[in-house]
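Summary of structural features
Okay, here's what each chain looks like letter by letter:
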Amino acid sequence: MIFVTGGAGFIGSNFILDWLADPHAEPVLNIDKLTYAGNPYNLSSVAGDARYAFVQADICDEQAIATLLSRYRPRAILHFAAESHVDRSIHRSDEFILTNVNGTFNLLNKSLHYWQSLPERERADFRFLHVSTDEVYGSLAPDDPPFSETSPYSPNSPYSASKAAADHLVRASHHTYGLPTLTTHCSNNYGPYHFPEKLIPLVISHALSGKPLPLYGDGQQIRDWLYVSDHCTALRAVLARGRIGQTYNIGGWNEQTNLHVVQTLCDTLDELHPRARGSYRELITFVKDRPGHDRRYAIDARKLEHELGWRPTESFQSGIGKTVRWYLAHGDWVAQVRSGAYLNWLRQQYGDHPPGAL
Ligand code: NAD
Ligand code: DAU
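Below is a short write-up of the structure. Only a predicted model underlies this, so the values are computations on that prediction, with no experimental measurement involved. (Residues numbered from 1 in each chain as written. Chains lettered and ligands numbered in written order. Predicted model: local features only at pLDDT ≥ 70, side-chain atom pairs only at ≥ 80, totals over all residues. Heavy atoms only, no water.)

By nearness alone, 28 residues border ligand 1, and Ile11, Asp32, Ser84, Tyr159 and Lys163 come closest of all. The backbone of Lys33 places a nitrogen or oxygen atom 3.0 Å from a nitrogen atom of ligand 1. Across the complex, the protein chains shield 96% of the 840 Å² of accessible surface that ligand 1 would expose by itself. When contributions to the shell around ligand 1 are tallied by element, the ones reaching two or more residues are helix H1 (10–20), strand S5 (127–133) and helix H6 (158–177). Taken together, the residues of the shell around ligand 1 break down into 13 nonpolar, 11 polar and four charged. (Near = heavy atom within 4 Å. Polar contact = N/O pair within 3.5 Å; in protein donor to acceptor, adjacent residues only side chain to side chain. Areas by Shrake-Rupley, 256 points an atom, 1.4 Å probe, with all protein chains shown as cover. Helix = DSSP H or I, 4+ residues; strand = E, 2+ residues; numbered from the N terminus. Nonpolar A, V, L, I, M, F, W, Y, C, P; charged D, E, K, R; others polar.)

This next bit is on the site of ligand 2. Thr133, Asp134, Tyr159, Arg290 and His293 are the nearest of the 23 residues found near ligand 2. Note that an oxygen atom of ligand 2 is positioned 2.7 Å from one of the side-chain N or O atoms of Thr133. Contacts to ligand 2 include Pro214, whose backbone N or O atom sits 2.9 Å from a nitrogen atom. Here ligand 2, which alone exposes 690 Å², has 94% of that area covered by the protein. Of all elements in the fold, only helix H7 (199–208) and strand S8 (213–216) reach the threshold of two or more residues within the shell around ligand 2. Per element, the largest residue contribution to the shell around ligand 2 is three residues, and it comes from S8. For the shell around ligand 2, the per-class residue count stands at nine nonpolar, eight polar and six charged.

Here it is, written out as structure tokens:
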């Protein structure tokens with residue numbers, strides 16, 4: 001089987017659903033602490049699948065991780081679990097250091113002991129895939145080339161600094177002890193199950209409730225947006241065929257200003273779910289900027305294309321269309337995660353056993 005940490009979050013849920021859509025896929029054990037961002041309800045469609053199991057555990061918990069490794073003997077670990085929201089890291093960074101740095105360190109340590117104990121054949125097959133971010137490279141000027149795998153580290157927020165620290169620990173585990181690691185640096189994802197604190201789902205849910213659509217500063221910051229299922233496909237390619245110890249950048253070749261992203265969302269909503277009067281664009285409101293706000297991210301994903309033949313399949317227009325349609329059809333999901341009611345619902349429905357719990 002494979003282990004997925006943080007599989008109840010946005011990208012982890014999408015990854016597990018995508019993985020299990022293949023009838024030949026290996027079983028998955030989802031290890032998630034269920035912070036505010038983790039929602040096992042995302043995975044209720046696979047809860048009855050014999051290949052899916054869920055364990056509520058903290059990646060910082062030494063005993064829990066050691067026990068799970070020796071009991072289930074995974075062939076690979078895909079490490080998604082993290083505190084992921086930049087604005088939260090600016091308000092308070094403790095949890096970011098605990099989970100992103102100490103948690104990754106614990107996972108690496110326990111994986112190393114486990115890997116060293118394996119027979120030769122299983123040791124050769126084992127992989128530790130660390131899911132990192134383009135934010136570790138810092139911010140680009142308008143004319144800079146996009147980030148490549150050799151761009152220097154220059155993290156600017158507590159979130160990106162904690163991810164950078166984790167990346168270095170992963171690198172050291174491979175370099176010093178030979179742990180078969182792979183690291184990916186992905187750009188901004190969007191799509192179903194995206195927690196509505198992040199720009200795209202926040203704008204959709206605010207627009208649908210007639211609330212202002214907050215754009216930080218001048219709205220001219222640039223991100224490179226990738227539809228989440230393209231990220232999942234890239235991770236599968238890296239896991240299957242990536243060279244051990246290597247890093248791979250994943251991006252959408254799709255740089256957009258935040259203003260353009262929000263205007264596109266408004267136009268898509270105008271078409272699919274018109275307001276009684278006027279356009280959603282009228283709700284756009286410029287607000288105080290994020291402290292230390294990175295101006296531009298862009299990914300050069302040629303290594304992944306040349307070595308593993310991966311390219312994104314979704315265009316920005318088609319991906320945004322799918323995303324808006326998903327949120328329009330899943331207003332209950334947004335209402336639940338926003339109110340925290342889904343936690344109560346889960347307890348009511350499943351007691352101490354979220355969907356798929358062992
Ligand atoms: P998310 O915040 O939606 O989900 C994080 C998940 O991790 C949640 O289910 C949460 O419960 C779990 N978690 C948090 N702390 C934990 C702990 N101590 N032990 C076990 N589980 C814990 O995040 P996401 O957007 O899905 O991002 C997943 C990964 O991808 C992160 O490592 C993030 O840095 C990286 N990433 C995200 C993006 C993006 O655009 N969202 C882009 C590039 C890389
Ligand atoms: O680049 C990858 C990163 O993308 C991931 O590593 C992070 O986990 C993920 O959260 C994301 O970080 P960002 O800070 O880029 O995403 P966010 O959706 O928070 O913001 C996107 C841009 O929109 C950013 O420039 C800030 C801006 N923004 C965000 C919010 C929430 C606004 O203008 N208004 C808002 O209300």
